[in-house]
Structure formats: C-alpha cells, structure tokens
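Coordinates in review
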Amino acid sequence: MPIKSPHDLPATQTLNSENIFVMTETRAVTQDIRPLQILLLNLMPTKVVTETQLARLLGNTPLQVELELMQMRGHVSKNTASEHMLKFYTTFDKVKDKYYDGMIITGAPVELMDFEEVDYWQELCEIMDWSLSHVHSTFHICWGAQAGLYHHYGIPKYTLSEKLFGVFPHTVERRSNMLLRGFDEVFMVPHSRHTSIKREHIEACPELKILASSPEAGVYAMATEGGKQVFITGHSEYDWDTLKLEYERDKSQGLPIHVPYNYFPNDDDSRQPLVSWRSHANLLYQNWLNYFVYQTTPYDLNSLAE
C-alpha cells in the first residue's frame, strides 16, 4: 500500500529502506482516488518506534492510506523530542470536527494504574466517545484495548501474578469473521503486559464476539458485529527485537523478569530471536484495512455523522 506520510517523518526513511512504498504528498495528489484517512493515537513512550511499526503494516496493501498522528493534549511525552511532537503530531481539539475511515489507539505503559488514575483518562474517554460518531472502525491495541473495553462496556482488567511476556500460540475461534481471513489454525503473537481481561466478562457482553484466543495469553481478538470496534490484546506490530530490548531493560533495572517465552532459541538470550509472527501481523492489518475500513466506509466521510 502506498502510505502517505510527511516527507521528513523518521519512519519514512526506515520504510523506504525496507522497500515499503511511502508516497509523498506531491505524488498522492496526482492520483484520482480518495486515500483512506487513518488517525493514529500514539500512547506509547517510544513514539518513533511505534509510528514505524504501524506504518510498516499499514503500508503493505494496494490501498492508499493517509496517516495522521495524534497525541494527548494533557500529557507531555518524556521519551520523544518535543520538536518531533510539535512537528508531526496533532491534538484532539484540532481534529474533533473531522471524520476518519479508521483509527488506531495504541497501548500505553500505565497498565498497573487504575484507569481513572491515568492523567489523560478523561481526555481519552472523550476521544473514545467521539470515535463512535466520527470514525468508521477503531482498532484498539493492548492497554488501548483494555481501556476501550472498560470505557464502552464496563469490562475490568485484573493484575497477573507475573508479567505475561513472550510469543504465544493462538487459535481462531470465529473463522467466519473477516478479520482473521487467511489465518492458519495456530498463529503466533507477542505479548508483554502485567494485566489481562477475563473471558467470562467478554462472553457476558452481547455486543462483543471473541475471534481468537490463547491457552496461555487468554482472549486475543474481539470485535463488535461489523467491526466498528476491534480489540487486540497482543502486540502483533512488534519488531523482531522489541521483546529483547524490553527484557534487557527490565534486567538492567533489577525488575523481576523471565526470559520471553518461545522467543530466544532454546531460551538462550545470547542468540538472536526467531520471528514467528510477522506474516500474521501483516495479514491482520491488511484484513482490517480491507474488510472493516475500505470495503464498508462511505466515500463521503461526513456521512458518518448521519
């Protein structure tokens, strides 16, 4: 997919080096098609890394995507240069009168806090409410999924006895759902979190359907009928070394951490990790963009308000 992004966004150079087609604004305006408008609410501390991971996946279909980056107005990023945030990120007050084909809400390193204790919780709730009338399909990731499930459906999260950390096998439960079209019977997904949700709470919610799960990692994919809201508890977008870097960080800080499950060959952390989730990560985002965004979104996005 040609993904349209600012010419000097750091992710652009990385994706070009990987032969992923990144379209300049000049080239985009010469094509007689309407690009999909995708809003990325990036709550991760490593903004540039997350931008690149998601742009890589969004840039791997024949569809043209125009990606807009958004940050929380009431929260200052401590790990990304303020110049980068000012140059490439917008805030909710500047987009609230616009409409989008799709939106992605990322995870955030605040999972051990109660939702209401997070300093931008009220702003996030306002954005999630706004998405119901201004976004055709919203894709929630990890803590973003937990936050969405709690806000929209009252589904709580709970703390695990130890960090769920590694790459786990998952099985498809609802093969008729197009989000998982083409998935193998068993597919791998990275997870890195201290909290989870309970299956019985999801099953008690008639609006939600469980699409895939893991014996070790629990429910992985959920969606409303038609895919207006999609909730993903894992990190299919992770790079090959993301878990490795998290593992080394926690070890250096003296935090309790075990070798990521099913990640290093023979659990030997001196060896390079094996990537077993990349193909399904690409398929997940391709299916979301194609079946839940492109195939069903209105040509005139203003009609979402009707």
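From a predicted model like this one, the values you see are computed outputs, not experimental measurements.

A word on the overall build of the chain
Scanning the chain from terminus to terminus reveals ten helices and twelve strands. The buried share of the chain, taken over its 306 residues, is 55%. At a minimum sequence separation of 6, the contacts of the chain that also span at least 24 residues come to 74%. Carbon and sulfur atoms make up 50% of the accessible area of the chain, which totals about 14000 Å².

Examining the packing of aromatic side chains
For any pair of aromatic rings, the description consists of the separation of the ring centres together with the inter-plane angle of the planes. Under the criterion given, the structure shown has 17 aromatic pairs. Between the aromatic rings of Phe115 and Trp143, the centroid separation amounts to 5.9 Å while the plane-to-plane angle is 45 degrees, which identifies the pairing as tilted. Of this pair, Phe115 sits in the loop between strand 6 (100-105) and helix 6 (121-134) while Trp143 sits in helix 7 (residues 143-153), and the two are 28 residues apart along the sequence. Here Phe115 and Trp143 have matching classes, each one buried. An aromatic cluster is built from Phe115, Tyr120, Trp121, Trp143 and Tyr150, whose rings are joined through pairwise contacts. The aromatic ring of Phe165 is capped on one face by Lys163, whose charged end is 4.5 Å from the ring centroid. Over the face of the ring belonging to Tyr158 we find Lys198, whose NZ or CZ atom lies 5.1 Å from the ring centre.

Digging into the pattern of salt bridges
Counting across every chain of the model gives 14 salt bridges. A salt bridge links Arg73 to Asp93; the shortest N-O distance between them is 3.8 Å. Remark: Asp93 occurs in helix 5 (residues 92-95) and Arg73 occurs in the loop between strand 4 (65-70) and helix 4 (82-88); sequence separation between them is 20 residues. Using a relative accessible area of 47% as the deciding quantity, one classes Arg73 as partly exposed. Residue class for Asp93 comes out partly exposed when judged on its relative accessible area of 38%. Taking the shortest distance from any N to any O, the salt bridge between Glu185 and Arg175 comes out at 3.5 Å. Note that Glu185 is positioned in the loop between strand 8 (158-172) and strand 9 (186-196) and Arg175 in the loop between strand 8 and strand 9, a separation of ten residues in sequence. The class of Glu185 is exposed, set by a relative accessible area of 56%.

So, helix 6
For helix 6, built from 14 residues, the straight-helix expectation of 20 Å at 1.5 Å per residue is met to within 8% by its first-to-last C-alpha distance of 19 Å. Residues of helix 6 that are buried: Trp121, Glu123, Leu124, Cys125, Ile127, Met128, Trp130, Ser131 and His134. For helix 6, the elements touching its buried residues are strand 3 (36-41), strand 4, helix 5, strand 6, strand 7 (135-141) and helix 7.

Quick notes on the environment of Ala305
Topologically, Ala305 is positioned in the segment after helix 10 (278-294). Distance in space between the C-alpha atoms of Ala305 and Leu132 is 9.5 Å, their sequence separation being 173 residues. The residues touching Ala305, leaving out its near neighbours within four places in the chain, are Tyr99 and Ser133.

Focus: the pairing of strand 12 (residues 229-232)
Strand residues, when the strand is regular, have side chains that alternate between the two faces of the sheet. Where burial is concerned, the two faces of strand 12 agree: the one with Gln229 and Phe231 and the one with Val230 and Ile232 are both buried. With four bridges connecting them, strand 7 and strand 12 associate as parallel partners. Opposite Ile141, over in strand 12, you have Ile232 as the bridge partner. Relative to strand 12, strand 11 (residues 218-224) is paired through three bridges, and the arrangement is antiparallel. If you follow Ala223 over to strand 12, its bridge partner there is Val230. Here strand 11 hands over to strand 12 after four residues, with Gly226 in that stretch at a positive phi of 90 degrees.

How each quantity is defined
- Residues numbered from 1 in each chain as written.
- Predicted model: local features only at pLDDT ≥ 70, side-chain atom pairs only at ≥ 80, totals over all residues.
- Heavy atoms only, no water.
- Helix = DSSP H or I, 4+ residues; strand = E, 2+ residues; numbered from the N terminus.
- Buried < 20%, exposed > 50% of the residue type's maximum accessible area, 1.4 Å probe, protein only.
- Contact = heavy atoms within 4.5 Å.
- Areas by Shrake-Rupley, 256 points an atom, 1.4 Å probe, with all protein chains shown as cover.
- Phe/Tyr/Trp six-rings, centres within 6.5 Å; stacked < 30°, edge-to-face > 60°.
- Lys NZ or Arg CZ within 6 Å of the ring centre and 35° of its normal.
- Salt bridge = Lys/Arg side-chain N within 4 Å of Asp/Glu carboxyl O.
- Expected span 1.5 Å × (residues − 1).
- Pairing = 2+ DSSP bridges.

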